[in-house]
Amino acid sequence: MKGAILVKRIDKGTEGGMEELEELARSAGYEVLAKVTQARTPDKAYAIGRGKAEEVAALVEELKPEKVIFDERLSAVQVYNLSKLCKVEVIDRFNLILEIFANRARTREAKLQVELARLIYERPKARMKVTLAKRGEQPGFRGLGRYQADVYESEITGRIAKIQAELEVIRKRQHETRKQRKEKGFDLVALAGYTNAGKSTLMNALVGESVAAKDQLFTTLVPTTRLLEIGQRRALLTDTVGFIKDLPHFMVEAFRSTLEEIYLADLIILVVDASEPPEALVEKLVTCHDTLWDEMGPVPVITALNKCDLISREELEERKRAIVHLAPHPVAISAKTGEGLDELKKKVGKYLPKWTFAEVVLPHTEEGLSTLSWLHDNAVVHHVKYDGGHIKVSVEARESVLERLAKRFEAIKDAVKP
Ligand SMILES: Nc1nc2c(ncn2[C@@H]2O[C@H](COP(=O)(O)OP(=O)(O)OP(=O)(O)O)[C@@H](O)[C@H]2O)c(=O)[nH]1
Ligand SMILES: [Mg+2]
């Protein structure tokens, strides 16, 4: 197994936990060999103090890790100095997240998104990195010395443009598919939430599928969509990539096409891991809100308090109180045991976009029957009455379907005799 030493600098007056960095490192396949923290203001050259950096270097010599991983964002200069001092590759939390994403990316889309994120992160550092590499190559700077600074930078810019163009094609296609699904009368429901909250497990429990679900961060990178029946209505349920604290904007941008599954949904099920302590729950919900709310239209959100099998009633009530302002329409569930799933489905049914009732009289002809069968496919047909030469139908459907019904009716109405 690859080893890593984790380093976190803590600003005065803030919490110093390193659990999430550890989780991330573990998810990326590292064994954590040592953890170093220091409370101080950031140092321009080393992020931590020079003395502390030397301690890290000594640990590197002793433990021989593959990498040293910093929790905070590092500048090119800091990376250069640290890797020179420690004689090992030094990365930050964002590089680590990118590593995880790169390991998991299977589809063309996921791979492009990961590369785009990496390049957007790299670009502002490109010139400085080339300049530094000319001073003597350090781990993480190898091969850059042969570049001209602006050539390297413009290569990155060119590559970014190319990937964006290719992703745009994928996005257009997805947009088209989504539109068609809506026109067909499907409601789009998205599962969103912090990474490892249990979104994929819930997806499996709701639709009886086997989407990969594991106790690690970012198992899901590319959305999966399955049919979910809510009463008589048919929704498409989409599992999505998880959120994480301080998700830098460049990543949100790179994963746009994935996140659009959420932004453009008719309803969002926000999944939270209720087995965590209330403070962690609040912090993660705030992250979800930050990621969601900026981009989203007025979409109803249902909060699924997941993993309730792991906590007592009292603990559940305590958590509900803690998140009351952050968690619209909460439902306690366990994706594992199935508890609460019926109530969740009921809530989903209740908050799906309102459909409109309509009564229509179709001719009892081949065209009329074919329209009826089209209605069965695209709407909820409540009642059908065959009456002489007519078929009286009462239906409930979304507006776009009713508009199309009106068009079809226009074309065949002459056959209807009063
Ligand atoms: N006890 C318990 N464990 C659960 C429940 N739901 C999910 N888990 C576990 O939580 C872990 C994460 O589940 P996933 O479904 O992969 O989570 P996710 O939100 O899809 O995670 P990413 O795709 O990695 O962002 C797995 O080990 C699941 O078995 C639950 O209701 N109860
Ligand atoms: Mg998942």
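Naming follows an unreviewed UniProt entry, where the protein appears as GTPase HflX of Methanocella conradii. Turning to the protein, the UniProt annotation filed under Subunit (unreviewed entry) states: "Monomer. Associates with the 50S ribosomal subunit." Quoted straight from UniProt, the Cofactor (unreviewed entry) entry for the protein says "Mg(2+)".

**A look at the packing of helix 5 (residues 108-133) against helix 6 (residues 149-183)**
Running from N to C, helix 5 and helix 6 point in directions that differ by 160°, and their axes come no closer than 9 Å. Here helix 5 lies roughly antiparallel to helix 6, going by the angle between them. Here the hand of the crossing between helix 5 and helix 6 comes out left-handed. Among the residues making up the contact of helix 5 with helix 6, the classes are represented as 13 nonpolar, four polar and eight charged.

**A closer look at the domain arrangement of the protein**
Domains assigned within the protein are domain 1 (2-102), domain 2 (105-138 + 147-184), domain 3 (186-351) and domain 4 (356-416). Of note, the centres of domain 1 and domain 4, computed from C-alpha atoms alone, are 65 Å apart.

**As for the sheet that holds strand 2 (residues 30-39)**
The strand order 2-1-3-4 describes an open sheet built from four strands, whose pairing is parallel. Every interior strand has two partners, whereas the edge strands, strand 2 and strand 4 (89-92), have only one. Averaged over neighbouring strand pairs, the angle between their axes works out to 25° when direction is ignored. Alignment of strand 3 (residues 67-70) against strand 4, held across four bridges, turns out to be parallel. Looking at strand 4, one finds that K67 is bridged to E89. Strand contacts of helix 1 (residues 19-27): strand 1 (2-10), strand 2 and strand 3, with the helix running at about 160° to strand 1, the strand carrying the most contacts. Contacting strand 1, strand 2 and strand 3, helix 2 (residues 50-63) runs over the sheet at an angle of about 165° to strand 2.

**Comments concerning helix 12 (residues 341-351)**
All buried positions along helix 12 are accounted for by L344, K347 and V348. Axial view of helix 12: buried residues confined to an arc of 100°, hence all on one face. Of the exposed residues in helix 12, those oriented more than 90 degrees away from the buried face are D342, E343 and K350. Looking at the buried residues of helix 12, the elements they touch are strand 5 (187-193), strand 6 (224-230), strand 8 (267-273), strand 9 (301-306) and strand 10 (330-332).

**Section: the sheet that holds strand 10**
The strand order 6-7-5-8-9-10 describes an open sheet built from six strands, whose pairing is mixed. One side of each edge strand has no neighbouring strand; the edge strands of this open sheet are strand 6 and strand 10. Across the sheet, the axes of successive neighbouring strands diverge by a mean angle of 25°, strand direction being ignored. Sheet analysis places strand 5 next to strand 7 (residues 233-239), joined by five bridges and oriented parallel. Note on strand 7: the bridge partner recorded for L191 is D239. The strands touched by helix 7 (residues 199-207) are strand 5, strand 6, strand 7, strand 8 and strand 9; relative to strand 7, the strand with the most contacts, the crossing angle is about 155°.

**Some remarks on the UniProt feature "binding site: Mg(2+)" (unreviewed entry) in the protein**
In the UniProt entry, the feature "binding site: Mg(2+)" (unreviewed entry) is given for S200 and T220. With respect to the helices and strands, S200 occurs in helix 7. Looking at S200, the number of C-beta atoms within 10 Å reads 24, which means it is buried.

**Brief notes about the environment of R159**
With respect to the helices and strands, R159 occurs in helix 6. Sequence separation of R159 and A397 is 238 residues, and the distance between their C-alpha atoms is 45 Å.

**Some thoughts on the confidence of the model for the protein**
The pLDDT averaged across the protein works out to 87; a share of 93% of its residues lies at or above 70. Among the prediction metrics, the complex's ipTM stands at 0.98, with pTM recorded as 0.77.

**Some remarks on the environment of D266**
Relative to the helices and strands, D266 resides in the loop between helix 9 (256-263) and strand 8. Separated by 79 residues in sequence, D266 and D187 have C-alpha atoms that sit 6.2 Å apart. What D266 contacts, discounting residues up to four positions off in sequence, is D187, L188, V189, V299, L352 and P353.

Criteria and cut-off values
For every chain, the first residue of the written sequence is number 1, and numbering continues from 1 onward in sequence order. Key to labels: chains lettered from A, ligands numbered from 1, both in the order written. The predicted nature of this model means local features are confined to residues of pLDDT at least 70 and side-chain atom pairs, given and counted, to a pLDDT of 80 or more, with totals for whole chains, interfaces and linings taken over all residues. UniProt positions are given in the numbering used here, feature names are shortened, and annotations may be inferred rather than shown by experiment. Orientation is described by lines fitted to C-alpha atoms, with helices fitted over the stretch in contact, and by angles between N-to-C directions that extend from 0 to 180 degrees. Helix numbering and strand numbering both begin at the N terminus, where a helix is a DSSP run of H or I of at least 4 residues and a strand a DSSP run of E of at least 2. An angle counts as roughly parallel when it lies under 35 degrees, as roughly antiparallel when it exceeds 145, as roughly perpendicular when it falls between 65 and 115, and as oblique in every other case. Helix crossings fall into two classes, left-handed where the near helix is turned counterclockwise from the far one by less than a right angle and right-handed where it is turned clockwise. Under the grouping applied here, Gly and all other residues not named as nonpolar or charged are polar, the nonpolar ones being Ala, Val, Leu, Ile, Met, Phe, Trp, Tyr, Cys and Pro and the charged ones Asp, Glu, Lys and Arg. Domains are outlined according to an automatic or database domain assignment. Pairing between two strands requires that DSSP report at least two bridges joining them. Working definition of a contact: two residues with C-beta atoms, positioned from the backbone, lying within 7 Å. Here a residue counts as buried when 20 or more other C-beta atoms fall within 10 Å of its C-beta, as exposed when 12 or fewer do, and as partly exposed in between; the C-beta atoms come from the backbone. Working note: the arc is built from the helix axis to C-beta atom directions. Note on scores: pLDDT gives the predictor's confidence for each residue, bounded by 0 and 100.

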